[in-house]
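The lines below spell out each chain.
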Amino acid sequence: MKYRIPVEISAGEDAIQKTIAASKAAFVAGEAVQSISSAEFLYQQSRYIRKCWWMVQALLLLGVCLMLHALESDYLVRRTLGIAAPLFATLILPEFWKNRNCDAMEVEKTTLFSIRQIYAARLTLFAGMDLLLLTAFFLGASLLTQITVFELMTQFLLPFNVTCCICFRCLYGGRNSSEALSILLCAIWTGLWVLVVLHETIYDAISVPMWMAFLATSAAYLGYTVRRGQQNIITFLEAKPSWN
Amino acid sequence: MDSDFLLICRMKNGDDAAIEAFVRKYYPVLLRYCHFRIKNQADAEDAVQEVFVRFFSTLSVYQHYGKVQNYLYVIAANLCRDSYRKPGELPEEELPESPVEEMEPVNLRLDVREALAKLPPELREVTILFFFQEVKQKEIAKILGIGLPLVKYRIKRAKELLAVYLGMEEMP
């Protein structure tokens, strides 16, 4: 005799339908109970970010701070800040592009949280950490050197903002080669900026209100870029689900 | 990445079609398992529904490492052990519909069921998984949280007892 006896137990369609309905209800109820707070979500996302880039950023700012302390000439100070600011912004590029390079979008798309939520959380974390680092840098630089906060804002924050705008435009641009493109554009921007700040006639021709206007415009455009990118993120970061 | 992984990801994302596909995929095997454990079609259907409800209640924290079917068996085994302790006799009308010419296998099934009911619970659990659900011995060990040697011993012991209950020679 056959030892393993095939036994068919018929499953009624009504019972299956009831089970499907009960399963959906249980899922919704379970999600309601287990939803996490914003702080918990941020903490969860922070665990997926490599902290080494923040360390490198901090070291860069520390190095710049020490260089500014040692430098005498305004010319060199401007050049140092002009190069350091875009470099500071581009150091975080690998982390922003990590998901694309690792083809992780499909998995992220299918997880509980949307890509928009995940990117928003990571942007918040990056912005928070950069704010902390830059505050420490501004405080350190203004104490150690003769540079005023206004000079730091125009010569560091302005190129930093523009670099961030370039990076976010490329990130949200949807092209596969956007990481290389953003690095290229940042390099071009750095060259242009160094030319501007080192050209005395151009630099001196720009008055304080104009610098402030540039700074405000760059900050506003950065905010607009991030906001627009977050709104449209699904359309260009969404991977084609493989189950379809 | 197995097909269940993507299905579970879709379910975690709240995809109703994925939930339906998942239930339809595992409902028959779980029903068969619960039917052998509980011996009553209505109770077995209730038990299967409860298995899915328990699974979906904690889906957001579920980590897909092995086979999801084994995880469902664990839930079902615990549920049957905790909620349906009293073994009952299987009424004949509960047997699945079969054509007349298959009466002999039906009788055999009835005998097997009666023999199964006589087994001690721990042997019956292993027997159902191994002989009727065709789960591998290693997986049974994981599902029941016992060692592989104990699973092998229980299968061997169950074979001996079933042979006695069925009035057969030593089973292969």
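About the cut-offs
- Residues numbered from 1 in each chain as written.
- Chains lettered and ligands numbered in written order.
- Predicted model: local features only at pLDDT ≥ 70, side-chain atom pairs only at ≥ 80, totals over all residues.
- Heavy atoms only, no water.
- Helix = DSSP H or I, 4+ residues; strand = E, 2+ residues; numbered from the N terminus.
- Buried < 20%, exposed > 50% of the residue type's maximum accessible area, 1.4 Å probe, protein only.
- Contact = heavy atoms within 4.5 Å.
- Areas by Shrake-Rupley, 256 points an atom, 1.4 Å probe, with all protein chains shown as cover.
- 1 Å grid on protein atoms, 1.4 Å probe; cavity = no way out; pocket = protein on both sides within 12 Å on 5 of 7 lines; lining within 4 Å.
- Points joined across faces, edges and corners; volume = space filled by probe spheres on them.
- Nonpolar A, V, L, I, M, F, W, Y, C, P; charged D, E, K, R; others polar.
- Bend = angle between axes of the 7 residues up to and from the residue.
- Polar contact = N/O pair within 3.5 Å; in protein donor to acceptor, adjacent residues only side chain to side chain.
- Salt bridge = Lys/Arg side-chain N within 4 Å of Asp/Glu carboxyl O.
- Arc of directions from axis to C-beta.

Looking at the overall build of chain B
What chain B contains, in helices and strands, is eight helices and zero strands. Of the regular secondary structure in chain B, the N- to C-terminal order runs α-α-α-α-α-α-α-α. Residues classed as buried in chain B amount to 48% of the 172 residues present. Of the contacts made within chain B by residues no fewer than 6 positions apart, 59% connect residues no fewer than 24 positions apart. Counting only carbon and sulfur atoms, one obtains 51% of the accessible surface of chain B, whose full area is about 8,700 Å².

Side note on the layout of surface pockets
Residues and elements named next belong to chain A. One number sums up the size of the second largest pocket: a volume of about 510 Å³. Considering the residues around the second largest pocket, the lining is formed by 23 residues, among which Ala-127, Asp-130, Phe-160, Cys-164 and Leu-222 are closest to the centre. At the level of elements, helix 5 (93-101), helix 7 (115-144), helix 8 (149-171) and helix 11 (208-237) are the ones that each hand at least two residues to the lining of the second largest pocket. No other element matches helix 7, which puts eight residues into the lining of the second largest pocket. Taken together, the residues of the lining of the second largest pocket break down into 19 nonpolar, three polar and one charged.

Topic: helix 2 (residues 16-38) of chain B
Residues and elements named next belong to chain B. Along helix 2, the helix axis deviates most sharply at Tyr-27, where the bend reaches about 40°; the proline Pro-28 sits within four residues downstream. Put simply, Asp-15 is the residue that caps the front of helix 2, since its side-chain oxygen is 3.0 Å from the backbone nitrogen of Ala-17. Residue Lys-39 follows helix 2 closely and has a positive phi angle near 70°.

A look at unusual backbone geometry
Excluding glycine, most residues fall at negative phi; most peptide bonds, likewise, are trans. Positive phi, normally seen in glycine, also occurs at Glu134(B), with a value near 55°. Judged by relative accessible area, Glu134(B) falls into the exposed class, the value being 52%.

Here's the deal with the pattern of salt bridges
The full count for this structure, using the stated rule, is nine salt bridges over all chains. Between Arg24(B) and Glu13(A) there is a salt bridge, and its shortest N-O distance comes to 2.7 Å. Highlighted residues: Arg24(B) in helix 2 and Glu13(A) in helix 1 (residues 13-34), drawn from two different chains. For Glu13(A), a relative accessible area of 39% translates into the label partly exposed. Its salt-bridge partner being Glu20(B), residue Arg24(B) comes within 3.3 Å of it at the nearest N-O pair. Remark: Glu20(B) and Arg24(B) occur in helix 2; sequence separation between them is four residues, near one turn of the helix. Its relative accessible area of 33% is what places Arg24(B) among the partly exposed residues. By sharing partners, the salt bridges in this structure join Glu13(A), Glu20(B) and Arg24(B) into a single network.

What to know about the side chain of Thr127(B)
Relative to the helices and strands, Thr127(B) is located in helix 6 (residues 121-132). For Thr127(B), a relative accessible area of 1% translates into the label buried.

Focus: helix 2 (residues 38-46) of chain A
All names here are of chain A. Burial in helix 2 covers these residues: Phe-41, Gln-45 and Ser-46. Looking down the long axis of helix 2, one finds its buried residues gathered within 140° of arc, a one-sided arrangement. Away from its buried face, by an angle of more than 90 degrees, helix 2 presents the exposed residues Ala-39 and Tyr-43.

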